[in-house]
Amino acid sequence: MKIKLKKIYFILITFHLLLIPSLCANGLIVSDLALIDAGRLHLRLAWENAWHNDLNHDGVWLFVKYRRYGGAWQHLDLSATKAAHLVQNVDLEVEAVSDGKGIFVYPQQKGFFSDIETELTLSFSENLSLLGQYDFRVFAVEMVWIPEGGFWVGDGIGTQNALRKGGAKALDSLDTEPFWIESEAEISVGTAANQLYGSAADDWSPKGNIPATFPKGFASFWVMKYEITQIQYADFLNTLTFEQQKNRTRAAPDSPPATPALSPAPLDRAEAARSTLVVAQSADALTLQPARYACDGNLNGVFNEPQDGKERACNWLDGEDLLAYLEWAALRPLTELEFEKIARGRVFPKKGEFPWQTIYLINGYGVENEGSENETLRKTETFDPAISRVDSAGFANYNSGIDFRQLAGVTRVGFGAAQNRAEEATQESENEALYFKRRLQAGASPYGVLELSGNVWEACVTLEAVALRYQGNVGSGNLDAEGKATVWRFAPAADLLRLRGGGWNSTAFEVGNFRDTSVSARYYANLRHFLRRDTTGGRGAR
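Residues numbered from 1 in each chain as written. Predicted model: local features only at pLDDT ≥ 70, side-chain atom pairs only at ≥ 80, totals over all residues. Heavy atoms only, no water.

Focus: the overall build of the protein
Phase 1 of the analysis: Along its length, the protein carries seven helices and 27 strands.
Phase 2 of the analysis: By the compact-globule yardstick of 24 Å for 542 residues, the protein fits well, its C-alpha radius of gyration being 23 Å.
Phase 3 of the analysis: Seen along its three principal axes, the alpha-carbon backbone of the protein occupies a region of about 75 × 50 × 50 Å.
Phase 4 of the analysis: Here the protein, with 542 residues, has 61% of them falling under the buried criterion.
Phase 5 of the analysis: Partitioning the contacts of the protein with sequence separation of at least 6, the portion at a separation of at least 24 is 72%.
Phase 6 of the analysis: Total accessible area on the protein stands at roughly 19800 Å², and carbon and sulfur atoms take up 51% of it.
Phase 7 of the analysis: Across the protein, the centroid of the 54 positively charged side chains sits 1 Å from that of the 67 negatively charged ones. (Helix = DSSP H or I, 4+ residues; strand = E, 2+ residues; numbered from the N terminus. Rg over C-alpha atoms; globule rule 2.2 N^0.38 Å. Buried < 20%, exposed > 50% of the residue type's maximum accessible area, 1.4 Å probe, protein only. Contact = heavy atoms within 4.5 Å. Areas by Shrake-Rupley, 256 points an atom, 1.4 Å probe, with all protein chains shown as cover. Lys, Arg positive; Asp, Glu negative; His and termini not counted. Charge placed at Lys NZ, Arg CZ, Asp CG, Glu CD.)

Some points on the packing of aromatic side chains
Between two aromatic rings, the relevant description is the distance of the centres plus the angle of the planes.
Phase 1 of the analysis: Scanning all chains against the criterion turns up 23 aromatic pairs.
Phase 2 of the analysis: A ring pair is formed by phenylalanine 124 and phenylalanine 136, whose centres lie 5.9 Å apart and whose planes are at 15 degrees; its orientation type is stacked. Placement of phenylalanine 124 in the loop between strand S10 (111–123) and strand S11 (132–146) and of phenylalanine 136 in strand S11 is noted, with a sequence separation of twelve residues between them. Side by side, phenylalanine 124 and phenylalanine 136 carry an identical accessibility label, which is buried.
Phase 3 of the analysis: Pairing phenylalanine 236 with tyrosine 325 gives two aromatic rings, centres 5.6 Å apart and planes at 75 degrees, and the pair type is edge-to-face. (Phe/Tyr/Trp six-rings, centres within 6.5 Å; stacked < 30°, edge-to-face > 60°.)

Digging into the environment of leucine 86
Phase 1 of the analysis: Inspection of the secondary structure puts leucine 86 in strand S7 (residues 86–87).
Phase 2 of the analysis: Since its relative accessible area comes to 48%, leucine 86 is described here as partly exposed.
Phase 3 of the analysis: Each C-alpha atom of the pair leucine 86 and leucine 122 lies 6.9 Å from the other, and the pair is 36 residues apart in sequence.
Phase 4 of the analysis: Discounting residues that sit within four places of it in the chain, leucine 86 has contacts with Glu119, Leu120 and Thr121.

A closer look at the pairing of strand S8 (residues 92–96)
Taken residue by residue, a regular strand's side chains alternate between the two faces of the sheet.
Phase 1 of the analysis: Here S8 lies mainly inside the structure; four of its five residues are buried.
Phase 2 of the analysis: Summarising the sheet, S8 and strand S9 (residues 103–107) pair through five bridges and their orientation is antiparallel. What sits directly across from leucine 92, in S9, is proline 107.
Phase 3 of the analysis: What sits between S8 and S9 in their antiparallel hairpin is a turn of six residues, with glycine 100 showing a positive phi close to 70 degrees. (Pairing = 2+ DSSP bridges.)

On their own, these measurements won't tell you what the molecule is for.
Put into structure tokens, the structure is as follows:
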């Protein structure tokens, strides 16, 4: 991640503005902020390795926070009219959203782009008062657009509590049938051949029909390209009040500087699992001045340096932490069905497959470019033929800490992806074999979403009875006074969410045996998500 800071003061009558540029993604830069008038904001946006192919494309979700007279940060609604926002680069498209919580920017021309840069003008839904002092922060999250279409859930192995089709084969745990989702209509749940399998006798399976209002993944949607990072969570914390910060961290906000914010262990201990998030400036419990958070992966007391592990996946998040971040970013949690859609695509599944659509994976045993925006792993040199094949194994951060050579913790999101592929853009768009090779190296799904297997467990809305009340509502952008999400309060996070995709310490055995990093594995379908674990994080959708 790169940071460009620029402080600008703009005076309009008695209107005073302090602009605080920021960024929130791998190789994503927001800079050169300037207020045009009381209703428009100028900025420069740049990101790396953008793409638009025949299947889908990536993009950026932009949203704005502001505060008046140094008060609490609030979400700033933007115009819901596309034409109100101007983009200088003609190769980019702007997509406004009906609730005005932000905008999407994405490439409208097909191809792969090593660097995209543009000037943007964002229009507010309403003009600000001309009297007052305001601070602004603009945040950006890399996203991937998932197109409308049917897909399969389950991969034919029932031993991992996978979703599956009902009927006779549903009783045979070694030879089940995947279930095809063909629309957003209600899904009938039961034991008959035309139903999604569910039985009161199985505590892991759905118990009731899945309503039409529950997001199934058939409709198009956006999803975060990467898991939430350490610096993204720090940026989130830095817009909260003292009381809100207390509930979204493990350590109290008035803890001494360099105290780990989420990890219960000092960051130089293996138990921290390579967390880098610390208290940079202590809060004042008397005045309720909130703390400031930052990353200090190299433990030198200088925060947010290039080698501080800012882009590592954020671990130690519980369900309430994830929901609060997503509410704040005006996103929403994924459902388990959507998780399988983005990890699998439309093809019929292989038993035990991973998101790159093979049954093989390979892990890393050492770190290169420690803590930097180019941090990556060296691939292990040992291939187990039941698990790995050099020509079809996807790269994932799993099995970590099992062997003394491995890193035992999280790594940079997108660690396996090529840093610059412009020189092969034409070849890649025309050469299916090269594209497949790139997906294996990146550990990417068919849609280009990364780290769906390994690194951190992904918390998704499950198919339990109370969770079926979820209708895909997106976050409001603001939390309650205690720092909790409000939109999804019909159920506690522990009942709403279940973990999918495996983490850095997950293992994988031959097909038919334990492999919790596989797409369809639901080993922890009954595990209530209320603890901060060194392996838990997540991502959001819209």
